[in-house]
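Here's the letter readout for the chains.
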Amino acid sequence: MESMEQKIEQKYEQLGDILKSMGKVVVAFSGGVDSAFLLKAALEFMGPENVLAITADSETYPEREKYEAIELAKQLNAPHEVIHTSELDIPGYAENPTNRCYFCKNSLFDHLIPIAKQRGFEHVVFGAIADDLGEHRPGLQAAHERGVRAPLLEAGIKKSEIRHLSRKFGLKTWDKPSFACLSSRIPYGEVITAQKLSMIDQAEDFLIQLGFRQVRVRQHENLARIEVPVTELAEVLAVADTVHAKLKEIGYAYVTLDLKGYRSGSLNEVLPQEQQAVQAAAQG
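Cut-offs used in this document
Residues numbered from 1 in each chain as written. Predicted model: local features only at pLDDT ≥ 70, side-chain atom pairs only at ≥ 80, totals over all residues. Heavy atoms only, no water. Helix = DSSP H or I, 4+ residues; strand = E, 2+ residues; numbered from the N terminus. Buried < 20%, exposed > 50% of the residue type's maximum accessible area, 1.4 Å probe, protein only. Contact = heavy atoms within 4.5 Å. Areas by Shrake-Rupley, 256 points an atom, 1.4 Å probe, with all protein chains shown as cover. Lys, Arg positive; Asp, Glu negative; His and termini not counted. Charge placed at Lys NZ, Arg CZ, Asp CG, Glu CD. Salt bridge = Lys/Arg side-chain N within 4 Å of Asp/Glu carboxyl O. Phe/Tyr/Trp six-rings, centres within 6.5 Å; stacked < 30°, edge-to-face > 60°. Lys NZ or Arg CZ within 6 Å of the ring centre and 35° of its normal. 1 Å grid on protein atoms, 1.4 Å probe; cavity = no way out; pocket = protein on both sides within 12 Å on 5 of 7 lines; lining within 4 Å. Points joined across faces, edges and corners; volume = space filled by probe spheres on them. Nonpolar A, V, L, I, M, F, W, Y, C, P; charged D, E, K, R; others polar. Domains from an automatic or database assignment.

Under an unreviewed UniProt entry, the name given to the protein is ATP-dependent sacrificial sulfur transferase LarE, and the source organism is Paenibacillus cremeus.

So, in structure tokens, the structure goes:
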């Protein structure tokens, strides 16, 4: 009987076949778990001369993530460039509709596809995975419409398998917490501004410096709602005065701790029940 390890190895070999068939690729590289693994695989199977990693730096992308992506690309000896984009310049994006992620990915591909064509790269690829199937992923729709490939998804590789192989290959991202763009901290329908995004970034960065790895600061106008795993609620309360003072300094009038703890897509909970499942993946 085939072992789990063998099945994962077979998927990785299939990923290699998919990548090698592409010739040369531009990798949309955020520095997260999935895109880091995709870049590692592309370098291994295609060679660095056939790979270009591009990181899009914008208002919705925390500074710490950008610097981590730059450092990781160096460690992998990957050809890497940082380009500057602005989701807030996309018509309709700032109004924060429920399909906001579609506009974001479409804009990203607007930047990457011309670069790929100009440099002689045959495909643009990004880190969608098998777990994304069956969920509401507006970015997948945008990718399909633009001819952008998702090799990890095509190989049927799941998040747990990516973490397993990342650890095996020595990628420091193997246990990195899940991340979503800063706009996902703002409830649908509330206008997204550069100031709000900056406040969220500063607040989360402060909490991360305190040692909280999986953290969200959901912004409800002038109120910050902090989410950490339930097992860490007491740790936040232990430094409540420090956290409250810092977030007030950042600009929040009220600071709260969500007693239900961190969960992906918590801002969808106020949507009508029939929409919750549809939107579950759009908010991180």
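1. A word on the overall build of the protein
Across its full length, the protein holds eleven helices and seven strands. Burial analysis of the protein (284 residues in total) assigns 51% to the buried set. For the protein, long-range pairs separated by at least 24 residues make up 73% of all intrachain contacts whose partners lie at least 6 apart in sequence. Element-wise, carbon and sulfur atoms account for 52% of the exposed surface of the protein, whose accessible area totals about 13100 Å². Positive and negative side-chain charges of the protein, numbering 32 and 40 respectively, have mean locations separated by a distance of 2 Å.

2. Some words on the pattern of salt bridges
Evaluation of the coordinates by the stated rule reveals 22 salt bridges. One salt bridge in this structure joins glutamate 81 and arginine 119, with 2.9 Å as the shortest N-O distance. Of this pair, glutamate 81 sits in strand S3 (residues 80-84) while arginine 119 sits in helix H4 (residues 100-119), and the two are 38 residues apart along the sequence. Residue classification places arginine 119 among the partly exposed positions, given a relative accessible area of 40%. As a salt-bridge pair, aspartate 258 and arginine 263 come within 3.0 Å of each other at their nearest N and O atoms. Using a relative accessible area of 11% as the deciding quantity, one classes aspartate 258 as buried. Taken together, the shared-partner salt bridges connect Arg64, Arg185, Asp201, Glu204 and Asp205 into one network.

3. Some remarks on the packing of aromatic side chains
Scanning all chains against the criterion turns up six aromatic pairs. Between tyrosine 12 and phenylalanine 37 the ring centres are 5.9 Å apart and the planes differ by 50°, which places this aromatic pair in the tilted class. Placement of the pair is tyrosine 12 in helix H1 (residues 4-20) and phenylalanine 37 in helix H2 (residues 33-46), with a sequence separation of 25 residues. On the basis of relative accessibility, which here comes to 0%, the residue phenylalanine 37 falls in the buried class. Between phenylalanine 37 and phenylalanine 169 the ring centres are 6.4 Å apart and the planes differ by 0°, which places this aromatic pair in the stacked class. With phenylalanine 37 in helix H2 and phenylalanine 169 in the loop between helix H7 (159-168) and helix H8 (194-209), this pair connects stretches of sequence that are 132 residues apart. Of note, lysine 24 hangs over the ring of phenylalanine 121, and the distance from its end group to the ring centre comes to 4.7 Å. The ring centre of tryptophan 174 lies 4.3 Å from the NZ or CZ of arginine 167, which sits over that ring.

4. Some details on the layout of surface pockets
In this structure, the second largest pocket encloses a volume near 320 Å³. Around the second largest pocket, the lining comprises 18 residues; the ones closest to its centre are Glu65, Glu68, Lys176, Pro177 and Arg213. Going through the elements one at a time, helix H3 (63-75) and H8 are the ones with two or more residues in the lining of the second largest pocket. Here the lining of the second largest pocket takes four residues from H3, the largest share from any one element. Of the residues assigned to the lining of the second largest pocket, the class counts are five nonpolar, three polar and ten charged. Residues from two domains meet in the lining of the second largest pocket; each of domain 1 (4-169) and domain 2 (182-281) gives at least three.

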